[in-house]
Each structure stands twice: as structure tokens, then as C-alpha cells.
Amino acid sequence: MPVKVKPSPRRRPSRGRRVSRKGAAVPVITNVAIIGAGSGGSALLTILAPDPLVRIVGVAEINSKAPGLRLARRYGIPVTRNFRELVSHEDVELVIDVTGNSEVEDALFELDRVGVAVIRGTSAKFMWQLIEARVRANAETKRQVKKFQDLSQLYEKEAGSAIAGERSRIACEFHDGLVQTLVGINLKLDLCRELIFSDPTRCYDLLSDAKTQLKAAIEESRHVIFNLRPLYFESMELVPALKNYLKTFETQYRIRTEFVAAGDESALSPKAKIFLFRIIQESLSNVQKHAKADRIMVALTVTGDHIKAMIEDNGVGFDMDAVSQDPTKWQSFGLKGILERARLIGGTGRVESRKGHGTRVLVDIPTPPEEA
């Protein structure tokens, strides 16, 4: 129900700036009356109502369903159907008419009050259209900020998950490889101590086996340490690090590897280099565990605006549709971690495979202009 506008008991403030007792200029509030609560009035209310230097004395509107009325109620602004009653309010200093109604315009044209300014017609329309554009721009800015906040939260979540997965993988490498080898060496040395006098020949054979295992443990230690610190951090060179890793991988697992690199890796950021190394490392680990392959091809191509990597093996392959629909297999095959790493640096990853035809991992990462 419309609320009748009552004159304010307070004395109307003067225009301009008031001087405080200390001599500092104090901004004076402008009392505004808005005629029309449609799209124009709604835009004006959105901007002017929260402004501390503006006091909206009231809103005049005859349409009870006008969108601006809800805003007026939210801000506690009086509403009336009679615009003449509103503009006669003694506190009004500025009248803004956004109705486009000729009767209202004629009445305001005849308004003759000292100290009251009127904005109407084309000027008022231009004013609220500018304000509406600003409101839309603010809404778009908020939407973009929310989008980046969501991406930041996703990045933190995925990065935390990746760190936890990396720790788990390293722990498995220690437990399944190095620790088991050292346990075997320890058992052989214990047996040698018992046989050193009773069966020297047997003791000698056990020591030879222990020495062989110890060499393997040293190589395994180097492999694990390299995985922890794969890149040459002094120069952050990706290609030499990959060559070194593939050579070690080939020696350790007896799987022939081929590496092709094209382009200038200086276009890559250190973060992109590390993530790419981890993606290739994880892909090769999957081949070693699941593919039963005897050959792996790794290709890295750097262009002006993209970084592309391909890891292809000639293993047994798998049914891609079946695996992608099974979360347990998708996780255990290591595919989830590969695609998540690519996504964390703004790229995409794709896995192609068929039973009996091997597997191919494709990664495409755009290079930002500041990195290129």
C-alpha cells in the first residue's frame, strides 16, 4: 500500500559544502525525488540509495508492480502515487523524472521553486541508461571475480590432492623397491655371519648376491631422488631432464624409449615445465605397471602459443569407454592424475586406447603471452 510522504521536521540543508567548527569542508547531502519506478527508476535506486551523499525523499509510481518499488521498500524509502505531492515536499532539491509521461513533463516544466533542479525527458533517460550500464558492468565484474575465486579454490583443492598423491607414490616406491631390497641384503648378511666359518663358499656366494642387490639399491635410491628433484633447477631445463629420466627408465625396466623434442623450451614457465615432467613421468609409470609394452615414444613440441606432449606405447591397451565409466579403474590406471595436472596449468589432456593397440596420452597447454 502506498505510503504518504510527510514533510521532514528537519531544516533543509543548504547547497554546497558546510564548514565545520574546525574549518574543514563537510559534504552536504542532496535530497532527491524520483518519479517513476520502472527500469529507469530501478537503476537510479540501485546506485543512489546506498550513496551516503544522497537522500531519496520519496518515489512516485502509479504501477504497483513496478520493479523499483521492491528496492524502495528494501531501503525504507517512502512511496506515493501522487508525483505532485512528492515534488511539493519542502526538502526536495533535485527531481528526476524517468516516466517519459508528457503530463508529468508538463507539470515539472511549470514547476517554479527556487533551489529545486529538475532532470527530465532525454536527459533523464540518458542518465539512467548510463547508470544501468554501470550496474550491468558491476554485475559482470562480480561474476568474473566469483569465477576466479571458484577457480582458485579448485586449484588449491587439486594442488593439495596432487601433493598427497605424490607423497603416496613416493612412499610406495620406497616400500616396494628400496626397502624390500635393503631387507633382502640384511637377511643375506645375517646368514653370512652364521656361515662365515662353517661354509665359506656358501658365505662368499651370499656376499656376491648382497653386493649385486646393493648396487641395485643404490640405483633405486638415485631414481627416487631424481623423481623428487627431476629438473636442473639452476637452469630449469626440461629437455635434458626428460632425456636423463628416459635413459634411467629404459635401463631399469628394459623398455625401449624414444624421445623427440621440437621448439624452444624457454617459452615455458618453471611451473609448466615441472607439471609436464610429472605428466610424462606418471604416463611412463602407468606403462611400466599395466601396459606390458616394450617400446615407448615421447614427443614434446613447443610452438609460439602452445605446448604439446605425446606419450605413446605399443602395449596391450584397454577399453577406454569401460575404464572411463569405472572410477576405481580410472584412478588406479593413473589417468585421473594426468588429466588433473594438465587442467591445473590451464591445459587439456586426452587418453586414447584400444585393446591390443596400445595407449596414447595427448596433452595440450596454451602458453600465455607473458610466458611466450
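Residues numbered from 1 in each chain as written. Predicted model: local features only at pLDDT ≥ 70, side-chain atom pairs only at ≥ 80, totals over all residues. Heavy atoms only, no water.

Novice: Any chance you could explain the nonpolar core here in plain terms?
Specialist: Side chains of nonpolar character tend, in soluble globular proteins, to be buried together. One finds Leu 276, Leu 284, Ile 296, Val 298, Leu 300 and Val 363 to be the most contacted residues of the largest nonpolar core, which totals 39 residues. Broken down by secondary-structure element, the contributors of at least two residues to this core are helix 7 (238-253), helix 8 (270-291), strand 9 (295-302), strand 10 (306-313), helix 9 (320-324), helix 11 (335-344) and strand 12 (359-366). Tallying contributions element by element places helix 8 first for this core, with eight residues. Filtering out sequence-adjacent residues up to four positions away, Leu 276 remains in contact with Leu 238, Leu 268, Leu 300, Ile 307, Ala 309, Val 363 and Ile 365. Membership of the second largest hydrophobic core comes to 23 residues, among which are Ile 34, Leu 45, Ile 47 and Val 79. (Core = buried A, V, L, I, M, F, W, Y, C linked by side-chain atoms within 4.5 Å. Buried < 20%, exposed > 50% of the residue type's maximum accessible area, 1.4 Å probe, protein only. Helix = DSSP H or I, 4+ residues; strand = E, 2+ residues; numbered from the N terminus. Contact = heavy atoms within 4.5 Å.)

Novice: Would you explain the sheet that holds strand 4 (residues 54-60) in this entry?
Specialist: In a beta sheet, neighbouring strands are held together by backbone hydrogen bonds and run either parallel or antiparallel to one another. Strand order in the open sheet formed by five strands is 5-4-3-6-7, and the pairing between neighbours is parallel. In the strand order of this sheet, the two ends are held by strand 5 (79-80) and strand 7 (117-119), each with one partner. Note that strand 3 (residues 30-35) and strand 4 share six bridges and pair parallel. Residue pairing for strand 4: Ala 33 is matched across the bridge by Gly 58. Against the sheet, helix 1 (residues 39-48) makes contact with strand 3, strand 4 and strand 6 (94-97), and its axis sits at roughly 155 degrees relative to strand 4, the strand it touches most. (Pairing = 2+ DSSP bridges. Axes fitted to C-alpha atoms, helices over the stretch in contact; angles between N-to-C directions.)

Novice: Sorry, what's going on with the packing of aromatic side chains here?
Specialist: What describes a pair of aromatic rings is the distance from one ring centre to the other and the angle between the planes of the rings. Tallied over the entire structure, the rule returns three aromatic pairs. Note on Tyr 245 and Phe 249: the rings are 6.3 Å apart at their centroids and 40 degrees apart in plane angle, and the pair reads as tilted. Pair noted here: Tyr 245 and Phe 249 are both in helix 7, with a separation of four residues, about one helical turn. Per residue, the accessibility class of Tyr 245 equals that of Phe 249, and both read buried. Between Phe 249 and Tyr 253 the ring centres are 5.0 Å apart and the planes differ by 55 degrees, which places this aromatic pair in the tilted class. Here the residue Phe 249 and the residue Tyr 253 both occupy positions in helix 7, the gap between them amounting to four residues, near one helical turn. For Phe 249, a relative accessible area of 1% corresponds to the buried category. Taken together, the ring pairs in this structure connect Tyr 245, Phe 249, Tyr 253 and Phe 277 into an aromatic cluster. (Phe/Tyr/Trp six-rings, centres within 6.5 Å; stacked < 30°, edge-to-face > 60°.)

Novice: Hey, could you run me through helix 7 in this one?
Specialist: For an α-helix the count is 3.6 residues per turn, leaving residues at separations of three or four pointing the same way. Under the 1.5 Å per step criterion, the end-to-end length of helix 7 is 22 Å for 16 residues, consistent within 8% with the ideal 22 Å. Among all positions in helix 7, only Leu 238, Val 239, Ala 241, Leu 242, Tyr 245, Leu 246 and Phe 249 are buried. The arc that holds the buried residues of helix 7, viewed along the axis, is 150 degrees, so those residues lie on one side. Residues Lys 243, Lys 247 and Thr 251 are exposed on helix 7 and point more than 90 degrees away from its buried face. (Expected span 1.5 Å × (residues − 1). Arc of directions from axis to C-beta.)

Novice: Is there a simple way to explain unusual backbone geometry in this structure?
Specialist: Note on backbone geometry: most residues besides glycine have negative phi, and most peptide bonds are trans. Even without being a glycine, Arg 254 presents a positive backbone phi close to 55 degrees. By the element assignment, Arg 254 lies in the loop between helix 7 and strand 8 (256-262). On the basis of relative accessible area, Arg 254 is assigned to the exposed category, the value being 66%. Positive phi values are uncommon outside glycine, yet Lys 292 reaches one of about 55 degrees. Its place among the elements puts Lys 292 in the loop between helix 8 and strand 9. Residue class for Lys 292 comes out exposed when judged on its relative accessible area of 74%.

Novice: Can you help me understand the pairing of strand 12 in this one?
Specialist: Residues in a regular strand project their side chains so that they alternate between the two faces of the sheet. Bridge count between strand 10 and strand 12: eight bridges; the pairing is antiparallel. Considered in strand 12, the bridge of Ala 309 is made with Val 363. When strand 11 (residues 348-353) meets strand 12, the two strands line up antiparallel, connected through six bridges. The partner of Arg 350 across the bridge, within strand 12, is Leu 362. Between the end of strand 11 and the start of strand 12, which pair antiparallel, lie five residues, with Gly 356 showing a positive phi angle near 85 degrees.

Novice: Help me understand the pattern of salt bridges in this model?
Specialist: For side chains bearing opposite charge, pairing can occur when the charged atoms are close. Tallied over the entire structure, the rule returns six salt bridges. The partner of Glu 312 in a salt bridge is Arg 360, and the shortest N-O contact between them spans 3.1 Å. Placement of Glu 312 in strand 10 and of Arg 360 in strand 12 is noted, with a sequence separation of 48 residues between them. Arg 360 gets classed as partly exposed once you look at its relative accessible area, which sits at 30%. Connected through shared salt-bridge partners, Glu 312, Arg 350, Glu 352 and Arg 360 make up one network. (Salt bridge = Lys/Arg side-chain N within 4 Å of Asp/Glu carboxyl O.)

Novice: Help me understand the side chain of Thr 359 in this model?
Specialist: Residue position: Thr 359 is located in strand 12. A distance of 2.9 Å separates polar atoms of two side chains, one belonging to Thr 359 and the other to Ser 353. Setting aside anything within four residues of it in sequence, one finds Thr 359 in contact with Ile 311, Glu 312, Asp 313, Gly 317, Phe 318, Val 351, Glu 352 and Ser 353. (Polar contact = N/O pair within 3.5 Å; in protein donor to acceptor, adjacent residues only side chain to side chain.)

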